[in-house]
Amino acid sequence: MPNPAASLARSVSEGYRNLVAFEASETVHAGPIEAAARVRFRRPERLVVEYSTYRNPIALADELLGGGVEFAEDDLTSMTLTYDGVHTWHVSARSDFLLKRVGRTLYEPLPGYDTLAELGFLADLAHDFLIRDDGTTDELGRPARVLGLKPKRARRSCLLKSISYPFERAIVDVDAESLFPLRIRFRPSGSSPLVSLLGPEEWVTIRYTNVRLGTPDEAAFVPSAAEDSRVFVESFVSPPRLAEALPVHVSLDALSSRGFAPLDPCAVVTDGEGKRGYATVWFARRAGEATTNDALLTLRIGNYLSRHMARRRATIAERGEDVALAAHSARYLDRSVLWGDEHAAPPPAPFVVDLSWDDAGVFTILTADGLAKPELMELASKLEESR
């Protein structure tokens, strides 16, 4: 006797494999995480994302504790992100800045999950999952078929690749006519960072509305920006090549001589002419004979201020204190001050601290985790002297 659940799953898989393109409004809800975006997808890996809502407490905590968030909520909701399968283009409606980055950098709202227009799991439903036919529903505004899913196994090894299934149970509601998913709900596996954000009975819910199948053509995936936009390109270089890649002079020896080893690679962003740009370099120092604790440093330097650097400098200027650095002044911020704004007491030390200064059009931000203020000041003075 035919299995109706398996038959429906095979039909859904066939419909997905035949789907060339679609556009839709997508919402993602997981406890305090909430995002809404208009997405356009075209095979094999073309995707355009325009956020209208982005609330992510993990990103907010990261920004509060370490200032490490590249784009804040108001940045993302004014930006168009275009992924071409190799690079992601960031185009902001608020500036003439256009950034080309390596890989899929779409600031996915769910940690550890690609969720934006991501339906690849549909291709092998019957092969990968235990399927249950859960009937029909009309609560989504259209008649829909309901499929219950469980992974056949948590992980599958294929010699040169491994596949994991990071959920315990899922429910997929597919349009009764088109078989396109209108709603996807799942409970993350216990190892997922999402578990700590969700209550014991909460599920992740992804909705697709205003769906148009097969509409976006190639022209819809060409980044559009004003003719006078400044195009910046991200690249990754080894520390020895930083000097030739960045249009400002920086010597890493001032920090490496104090035991801080630069980590490979360095991130460099420059304009087409190579005249403007900025870099991010990460350093680590391990405890040894000369020091009793591990420490991390992040150096951000350039003659152009990224949105991240500008936002960080503004916070340091507003909440920090004046300090003397070599021949000019700087601003110092202990980020535990920011933590106290939202919580009764700051967490135990050590805490992330920032030091910001500029000299002759070169902007520098030195961030430390595990360093006391006097040592950070000394390192910054050595770095500035080397310039």
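Our subject is the structure listed above.
Residues numbered from 1 in each chain as written. Predicted model: local features only at pLDDT ≥ 70, side-chain atom pairs only at ≥ 80, totals over all residues. Heavy atoms only, no water.

Undergrad: An account of the packing of aromatic side chains is needed here, citing residue identities and associated values.
TA: Under the criterion given, the structure shown has 10 aromatic pairs. Ring centres of Phe22 and Phe180 lie 5.0 Å apart, and the angle between their planes is 65°; on these two criteria the pair is classed as edge-to-face. In this pair, Phe22 sits in strand β1 (residues 21-30) while Phe180 sits in the loop between β11 (167-175) and β12 (181-188), placing the two residues 158 residues apart along the sequence. Each of the two residues, Phe22 as well as Phe180, counts as buried. Ring geometry for Phe71 against Tyr107: centres 5.5 Å apart, planes inclined by 90°, an arrangement best described as edge-to-face. With Phe71 in the loop between α2 (57-66) and α3 (73-76) and Tyr107 in the loop between β6 (97-102) and α4 (125-128), this residue pair connects regions lying 36 residues apart in the sequence. (Phe/Tyr/Trp six-rings, centres within 6.5 Å; stacked < 30°, edge-to-face > 60°. Helix = DSSP H or I, 4+ residues; strand = E, 2+ residues; numbered from the N terminus. Buried < 20%, exposed > 50% of the residue type's maximum accessible area, 1.4 Å probe, protein only.)

Undergrad: Explain the environment of Val86 to me, using residue names and the numbers behind them.
TA: Note on placement: Val86 falls in the loop between β4 (79-83) and β5 (87-92). Separated by 29 residues in sequence, Val86 and Pro57 have C-alpha atoms that sit 29 Å apart. Excluding anything up to four places from it in sequence, Val86 contacts Arg101, Val102 and Gly103. (Contact = heavy atoms within 4.5 Å.)

Undergrad: Lay out the layout of surface pockets with the relevant residues and their values.
TA: In this structure, the largest pocket spans a volume of roughly 850 Å³. Among the secondary structure elements, those contributing two or more residues to the lining of the largest pocket are β3 (46-55), β10 (162-164), β11 and β12. Partitioning the lining of the largest pocket into residue classes produces 20 nonpolar, four polar and nine charged. Taken as a whole, the second largest pocket holds about 540 Å³ of empty space. In the lining of the second largest pocket, the residues fall into 14 nonpolar, eight polar and 10 charged. (1 Å grid on protein atoms, 1.4 Å probe; cavity = no way out; pocket = protein on both sides within 12 Å on 5 of 7 lines; lining within 4 Å. Points joined across faces, edges and corners; volume = space filled by probe spheres on them. Nonpolar A, V, L, I, M, F, W, Y, C, P; charged D, E, K, R; others polar.)

Bear in mind that shape data such as this cannot, by itself, settle questions of function.
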